[in-house]
Number of protein chains: 2
Amino acid sequence: MRRAVFFLSDGTGITVEAIAHSLLAQFDGIDFERQTIPFIHSVGKAWEVVQEINTRCDLDGARPLLFSTLVDPDVRRVIRQSKGFLIDLFDTFINPLEDELGVDSSHAVGKTHGVRNYTAYKERIDATNFAINNDDGVSARYYDEADIIITGVSRSGKTPTCLYLAMNYGLKAANYPITEEDLESNELPALLRAHQAKLFGLTIDPHRLHQIRTERRPDSRYAALDQCLRETRTVEKMFLDHGIPSIDTSTISIEEIVTAIVQKIGLRKRLYG
Amino acid sequence: MRRAVFFLSDGTGITVEAIAHSLLAQFDGIDFERQTIPFIHSVGKAWEVVQEINTRCDLDGARPLLFSTLVDPDVRRVIRQSKGFLIDLFDTFINPLEDELGVDSSHAVGKTHGVRNYTAYKERIDATNFAINNDDGVSARYYDEADIIITGVSRSGKTPTCLYLAMNYGLKAANYPITEEDLESNELPALLRAHQAKLFGLTIDPHRLHQIRTERRPDSRYAALDQCLRETRTVEKMFLDHGIPSIDTSTISIEEIVTAIVQKIGLRKRLYG
């Protein structure tokens, strides 16, 4: 079974995609054909969208699902004229919220993702640059500035974790890859010792690590299962010996890793938009 | 005026934060004190959350707002017992969707952000690594592999744009910073000529660029307003002369830049979860 789905937004559509995605994930066996129409800013554009929806409806012989976070009342009025099945997030929740809060909403468009707040924007860019510049573990020069230092073996997910912390939380995350040398010494690497309170470890199932490394460098010593076993075991012991909090990244997504880290060590999100 | 807000999720809470954020942005003058409670997986945990909400309610003398994307019916039943003002996204929309689609939902938890799909996971990590490894413009070795090549002057927003394209769309984005030399030659840089169809330009207001660069290197030639004017003018002419699509990044966020790019050149999102 197939069904067309439109995500309608006056902004980027990111939010409405996310919520719709979590709802649609509840329906197995339907092939949803998704399309995002962002930046619907005018009544004229809204009429074009209605045309597109109606054409699709006639073609498919089934109402497309419409998920909307449109704010502008005139634009929403137009969209309501379409033949689609409309799920209007704004309409559904804004009135109950107005009642509960005892104030009127501003019905202002595009408040979610714009650069309204230059400080927040700068913080995010700075954190992203910080993550990129502190991705190698070579220099600990900036560890004083770091909010958190992520460590683990090669291919345990450190880089995307640091970037996600930067881009979505505005947190400065450095990345220290545990090297062959570190593993042999069985000690916490010297560069990390001064910053132990900021450390967070990523662990990974050795079989999963073997799979990931094999795709990168097939038949290498680096990817060999016994090497992966040795590295993961040593690192896990290191985390345990030094009381470094850690999380197993084998079966969870970057979003889940980051959310768990932030919750575990009580970091506060710098960016709430 | 202050009001406590809880984001309740069985996953990371990212989706419910986003939708709630766009709704709360409509209410000016209220200081929302936001707190995310992710990974609510059990009835026991749900009861703890109810306690926390009720305590807060009594302290504040006002009902906390609760935004929930909880899926599990038992967990949701517990949360409904709290004194908070509940906005239940699942409850509100899943039944109308079931009716419209003519099928029952699976009421399955945590379908949004998990690593269910190893291919999608790998694509995203690969794209992120690609963005990091192709961030310098030094080597065009991998431009054949790139989905898109982002170009513009230093500090126009190329790096976060490429990373966001990678992490949120799974697209391979390379980054070519236009250098002093490129600017003097007035030509499209040789490395880019072979890949003209993949190019996308970022432009920026020279005064904004001056501001950003001044924070980085105060009183440098790099940050001088006349230098910024010269660079932005030359680059804009280059984009125009070679028919390179571009977008002005001065006042919009990374999300908006990326959404506009994807829409403009018709790239398809690789990751729909």
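Residues numbered from 1 in each chain as written. Chains lettered and ligands numbered in written order. Predicted model: local features only at pLDDT ≥ 70, side-chain atom pairs only at ≥ 80, totals over all residues. Heavy atoms only, no water.

Undergrad: Hey, could you go over the overall build of chain A for me, with residue numbers and the actual values?
TA: When helices and strands are counted, chain A shows eleven helices and eight strands. Computed over the C-alpha atoms, the radius of gyration of chain A is 24 Å, more than 25% above the 19 Å expected from 2.2 N^0.38 for a compact globule of 273 residues. Oriented by its inertia axes, the alpha-carbon framework of chain A measures out at about 70 × 45 × 30 Å. The burial tally for chain A puts 56% of its 273 residues in the buried class. Intrachain contacts of chain A at a sequence separation of at least 6 include 71% that bridge at least 24 residues. Of the roughly 11,600 Å² of accessible surface on chain A, a fraction of 48% belongs to carbon and sulfur atoms. (Helix = DSSP H or I, 4+ residues; strand = E, 2+ residues; numbered from the N terminus. Rg over C-alpha atoms; globule rule 2.2 N^0.38 Å. Buried < 20%, exposed > 50% of the residue type's maximum accessible area, 1.4 Å probe, protein only. Contact = heavy atoms within 4.5 Å. Areas by Shrake-Rupley, 256 points an atom, 1.4 Å probe, with all protein chains shown as cover.)

Undergrad: Would you mind going over the packing of helix α6 (residues 158-169) of chain A against helix α11 (residues 254-265) of chain A in detail, with residue names and values included?
TA: The relative placement of two packed helices comes down to the angle between their axes together with the axis-to-axis distance. Residue and element names in this part refer to chain A. For the pair α6 and α11, the least separation of the axes is 10 Å and the interaxial angle reads 70 degrees. Overall, the two elements α6 and α11 adopt an arrangement that is roughly perpendicular. Along its contact with α6, which presents P160, T161, Y164, L165 and Y169, the element α11 presents I254, E255, I257, V258, T259, I261 and V262. Looking at side-chain class alone, the contact of α6 with α11 contains nine nonpolar, two polar and one charged residues. (Axes fitted to C-alpha atoms, helices over the stretch in contact; angles between N-to-C directions. Parallel < 35°, antiparallel > 145°, perpendicular 65-115°, else oblique. Nonpolar A, V, L, I, M, F, W, Y, C, P; charged D, E, K, R; others polar.)

Undergrad: Describe the side chain of K158(B), naming the residues involved and giving the relevant values.
TA: All names here are of chain B. By the secondary structure assignment, K158 is in helix α6 (residues 158-169). Within polar-contact distance, the side chain of K158 engages the backbone oxygen of V153 at 2.9 Å. For K158, the contacting residues outside a window of four places in its chain are I150, T151, G152, V153, N175, Y176, P177 and L202. (Polar contact = N/O pair within 3.5 Å; in protein donor to acceptor, adjacent residues only side chain to side chain.)

Undergrad: Lay out the domain arrangement of chain A in plain terms, naming residues and giving numbers.
TA: Its domain assignment divides chain A into domain 1 (2-101) and domain 2 (118-265). Each of domain 1 of chain A and domain 2 of chain A has a C-alpha centre, and these two points are 39 Å apart. (Domains from an automatic or database assignment.)

Undergrad: Any details on the relation of the copies chain A and chain B? Residues and values, ideally.
TA: Mapping chain A onto chain B calls for a rotation angle of 180 degrees and an axial translation of 0.0 Å; the resulting RMSD is 0.1 Å. As the rotation angle and translation indicate, the two copies are arranged about a two-fold axis. Here 100% of the contact residues of chain A are again contact residues in chain B; the copies associate through an equivalent surface. (Least-squares fit on C-alpha atoms with pLDDT ≥ 70 in both.)

Undergrad: Break down the interface of chain A and chain B for me, citing the residues and quoting the values.
TA: Taken residue by residue, the interface counts 82 residues in chain A and 83 residues in chain B. Between chain A and chain B the total buried area reaches about 7,700 Å² when both faces are included, carbon and sulfur atoms providing 63% of it. The interface formed by chain A and chain B holds four salt bridges in total. Of the charged contacts in the structure, one is a salt bridge between R63(A) and E100(B), with a shortest N-O distance of 2.5 Å. Linking chain A with chain B are four residue pairs in polar contact (both at pLDDT 80 or more), by the criterion used here. (Buried area = accessible area lost by both parts, 1.4 Å probe. Salt bridge = Lys/Arg side-chain N within 4 Å of Asp/Glu carboxyl O.)

Undergrad: Provide a residue-level description of the sheet that holds strand β5 (residues 148-152) of chain B, including the pertinent values.
TA: Residues and elements named next belong to chain B. A sheet is described by the order of its strands in space; here four strands give the open sequence β6-β5-β7-β8, paired in parallel fashion. The open sheet terminates on both sides in strands that have one partner only, identified here as β6 (173-177) and β8 (246-248). Each strand of the sheet is rotated relative to its neighbour by a mean of 25 degrees, with strand direction disregarded. Here strand β7 (residues 199-203) runs beside β8; their pairing, made up of three bridges, is parallel. Note on β8: the bridge partner recorded for L202 is I247. The sheet strands contacting helix α11 (residues 254-265) are β5, β7 and β8, and the helix crosses β7 at an angle near 145 degrees. (Pairing = 2+ DSSP bridges.)

Undergrad: A description of the confidence of the model for chain A should follow, citing residues and the corresponding values.
TA: Chain-level statistics for chain A give a pLDDT mean of 87 and a share of 90% at 70 or above. Overall fold confidence (pTM) sits at 0.71, and the ipTM for the predicted complex is 0.71. (pLDDT = per-residue confidence, 0-100.)

Undergrad: Explain the side chain of T151(B) residue by residue, including any values.
TA: Mapped onto the secondary structure, T151(B) falls in strand β5. In this structure T151(B) touches K158(B), Y176(B), I178(B), L192(B), F200(B), G201(B), L202(B) and F239(B), once residues within four positions along its chain are discounted.

Undergrad: Quick rundown of the pattern of salt bridges? Include the residues and the values.
TA: For side chains of opposite charge, pairing can occur when their charged atoms come near one another. Residues and elements named next belong to chain A. With the rule as written, the count across this model stands at 30 salt bridges over all chains. A salt bridge links R230 to E180, with the shortest nitrogen-to-oxygen separation between them at 3.1 Å. On the criterion of sequence distance, the pair formed by R230 in helix α10 (residues 225-241) and E180 in helix α7 (residues 180-185) is long-range, its members being 50 residues apart. On the basis of relative accessible area, E180 is assigned to the partly exposed category, the value being 29%. The structure contains a network of salt bridges with shared partners spanning R2, E33, R56 and D60.

Undergrad: Lay out the environment of Y222(B) with the relevant residues and their values.
TA: Residues and elements named next belong to chain B. Topologically, Y222 is positioned in the loop between α9 (206-216) and α10 (225-241). Y222 gets classed as buried once you look at its relative accessible area, which sits at 15%. Here the alpha-carbon distance between Y222 and H242, two residues 20 residues apart in the chain, equals 26 Å. In this view, Y222 contacts S154, R155, R213, R216, R217, Q227 and C228; residues no more than four positions away in its chain are not counted. In this structure the side chain of Y222 is engaged in a polar contact, spanning 2.6 Å, whose partner is the side chain of S154.

Undergrad: Give a detailed account of the packing of aromatic side chains, specifying residues and quantitative values.
TA: Taken as a whole and judged by the stated rule, the model has three aromatic pairs over all chains. Both rings, one in F93(A) and one in F93(B), keep their centres 5.5 Å apart while their planes meet at 75 degrees; by these two values the pair is edge-to-face. Separated into two different chains, F93(A) in helix α4 (residues 89-101) and F93(B) in helix α4 (residues 89-101) make up a pair that spans both. As far as the burial class goes, F93(A) and F93(B) line up, both buried. On the basis of an interplanar angle of 45 degrees and a centroid distance of 6.2 Å, the ring pair of F7(B) and F67(B) is categorised as tilted. Of this pair, F7(B) sits in strand β1 (residues 2-8) while F67(B) sits in strand β3 (residues 65-68), and the two are 60 residues apart along the sequence. The two residues F7(B) and F67(B) agree in class, both being buried. Seen from the ring of Y222(B), R213(B) lies directly overhead, with NZ or CZ sitting 4.3 Å from the centre. (Phe/Tyr/Trp six-rings, centres within 6.5 Å; stacked < 30°, edge-to-face > 60°. Lys NZ or Arg CZ within 6 Å of the ring centre and 35° of its normal.)

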